[in-house]
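# Descriptive analysis of the structure
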Amino acid sequence: MHAPGSQVIPVDLLLRAYRAGVFPMADHRSDPEVYWVEPRERAIIPLDGFRLSGSLRKTLRQGRFEVTCDRAFGEVIAACAEPREEHAESWISHRIEASYLALHRAGHAHSIECWQDGELAGGLYGVAFDQVFCGESMFSRRTDASKVALAWLVAAMRKAGYRLLDCQFMTEHLATLGAVALPQAGYLGLLSGATGSPEMAIPTAIRSYSEVASSKASSPGKLIAQSLTQTS
């Protein structure tokens, strides 16, 4: 199904689509059209099944990156839309980018940023509603930056009382982090069981890790690694 025109997709339409298990994509960066995707197979990361490798645990504990939430949403989505070797054309069109910026301003799209030496080293963004976070895209400019952002997201979602982390399409990279594939019908079942409000917002959960670490004179990354190790 195509949505005509090049106007920003309304926030309420986007949220209705996500609640129905559907999301928009485009054929290329300058594409004025969007089409709505309902995959036959869906990838999710079970929040108690995130695979924390020894090397990622070490990176977290060393605190190589400063991690923030919603500090640079526009920069993150722009970086995710940059062309990559394996994808000559980005599915994040200018129209989709503008639509998610509006969704972010409405409080339903968040970014997690990893900084190193004051520069944006990697991150991810996605859509939050009910007890669900739909990861849209991630990028890395430094080794492990996007993995660190994802680890923080999983820890924050668990702390905040979220139930479902959607990754849309399965990839080998996501599989190494604990992602599993299930039929769309199974995903819709999980979606219907994740309604209602979480205990706190994702940005609040992210901040709480930094605040607790500061009070204990520890690094936030150590708390994240400890949290994830409890069930990983």
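In this text, all values refer to a predicted model and were calculated from it rather than measured experimentally.

### A closer look at the pattern of salt bridges
Once the charged atoms of two side chains with opposite charge are near each other, the side chains can pair. Within the structure shown, the criterion is met by eight salt bridges. Note that Arg16 and Asp12 form a salt bridge whose closest N and O atoms lie 3.6 Å from each other. Here Arg16 pairs with Asp12, and both are found in helix α1 (residues 11-19), just four residues apart, close to one helical turn. With relative accessibility at 52%, the residue Arg16 sits in the exposed group.

### Focus on the packing of aromatic side chains
Tallied over the entire structure, the rule returns five aromatic pairs. Pairing Tyr18 with Phe129 gives two aromatic rings, centres 6.4 Å apart and planes at 50°, and the pair type is tilted. Taken together, the residues span a long stretch of sequence, with Tyr18 in helix α1 and Phe129 in strand β7 (residues 119-129) at a distance of 111 residues. With respect to class, Tyr18 is no different from Phe129; both count as buried. With 5.7 Å between their ring centres and 75° between their planes, Phe23 and Phe169 make a pair best called edge-to-face. Of this pair, Phe23 sits in strand β2 (residues 23-25) while Phe169 sits in the loop between β9 (164-168) and α6 (172-176); the two residues are 146 residues apart in sequence, bridging distant segments of the chain. Positioned above the aromatic ring of Tyr187 is the side chain of Arg42, whose terminal nitrogen or guanidinium carbon lies 4.0 Å from the ring centre. Of note, Lys159 hangs over the ring of Tyr209, and the distance from its end group to the ring centre comes to 5.2 Å.

### As for helix α5 (residues 145-160)
An α-helix turns once per 3.6 residues; consequently, residues spaced three or four apart project the same way. Its 16 residues give α5 an end-to-end C-alpha distance of 22 Å, which sits within 8% of 22 Å, the value for a rise of 1.5 Å per residue. Along α5, 13 of the 16 residues are buried, which leaves the element largely enclosed by surrounding structure. Immediately downstream of α5, the backbone of Gly161 shows phi near 85°, a positive value.

### Brief notes about the side chain of Glu97
With respect to the element layout, Glu97 can be found in helix α4 (residues 94-105). Setting aside residues up to four positions removed in sequence, Glu97 forms contacts with Arg29, Gly74, Ile77, Ala78 and Ile92.

### Concerning the sheet that holds strand β8 (residues 132-140)
Overall, mixed pairing links the seven strands, which are arranged β5-β6-β7-β8-β9-β4-β10 in an open sheet. The open sheet has two free edges, formed respectively by β5 (66-69) and β10 (180-183), since each of these has just one partner strand. Taking each pair of neighbouring strands and ignoring which way they run, the sheet shows an average axis angle of 30°. Here β5 runs beside strand β6 (residues 109-116); their pairing, made up of four bridges, is antiparallel. When the sheet's bridge partners are listed, Thr68 is paired in β6 with Glu113. The sheet strands contacting α1 are β7, β8 and β9, and the helix crosses β7 at an angle near 80°.

### Some words on the packing of helix α2 (residues 54-62) against α5
The geometry of α2 relative to α5 is characterised by a closest axis approach of 10 Å and an angle of 80° between their N-to-C directions. On the basis of the axis angle, α2 is roughly perpendicular to α5. The segment α2 lies against α5, with Leu56, Thr59 and Leu60 engaging Lys147, Val148, Ala151 and Trp152. Residues of the contact of α2 with α5, tallied by class, amount to five nonpolar, one polar and one charged.

### Some words on the environment of Ala151
Position of Ala151 relative to the elements: it lies in helix α5. Spatially, the C-alpha atoms of Ala151 and Arg57 are 9.3 Å apart, while their sequence positions differ by 94 residues. The contacts of Ala151, once residues within four sequence positions are left out, are Phe50, Leu60, Ile224 and Leu228.

### A few points about the nonpolar core
Counting 43 residues, the largest nonpolar core has Phe50, Leu60, Leu150, Leu153 and Leu165 as the members making the most contacts within it. Take this core: its biggest share by element is 12 residues, from α5. Leave out the neighbours within four places in its chain, and Leu60 touches Leu52, Val148, Ala151, Trp152, Gly221, Lys222, Ile224 and Ala225. Grouped together as the second largest cluster of nonpolar side chains are 39 residues, Ala17, Trp36, Tyr125 and Cys134 included.

About the criteria used
- Residues numbered from 1 in each chain as written.
- Predicted model: local features only at pLDDT ≥ 70, side-chain atom pairs only at ≥ 80, totals over all residues.
- Heavy atoms only, no water.
- Salt bridge = Lys/Arg side-chain N within 4 Å of Asp/Glu carboxyl O.
- Helix = DSSP H or I, 4+ residues; strand = E, 2+ residues; numbered from the N terminus.
- Buried < 20%, exposed > 50% of the residue type's maximum accessible area, 1.4 Å probe, protein only.
- Phe/Tyr/Trp six-rings, centres within 6.5 Å; stacked < 30°, edge-to-face > 60°.
- Lys NZ or Arg CZ within 6 Å of the ring centre and 35° of its normal.
- Expected span 1.5 Å × (residues − 1).
- Contact = heavy atoms within 4.5 Å.
- Pairing = 2+ DSSP bridges.
- Axes fitted to C-alpha atoms, helices over the stretch in contact; angles between N-to-C directions.
- Parallel < 35°, antiparallel > 145°, perpendicular 65-115°, else oblique.
- Nonpolar A, V, L, I, M, F, W, Y, C, P; charged D, E, K, R; others polar.
- Core = buried A, V, L, I, M, F, W, Y, C linked by side-chain atoms within 4.5 Å.

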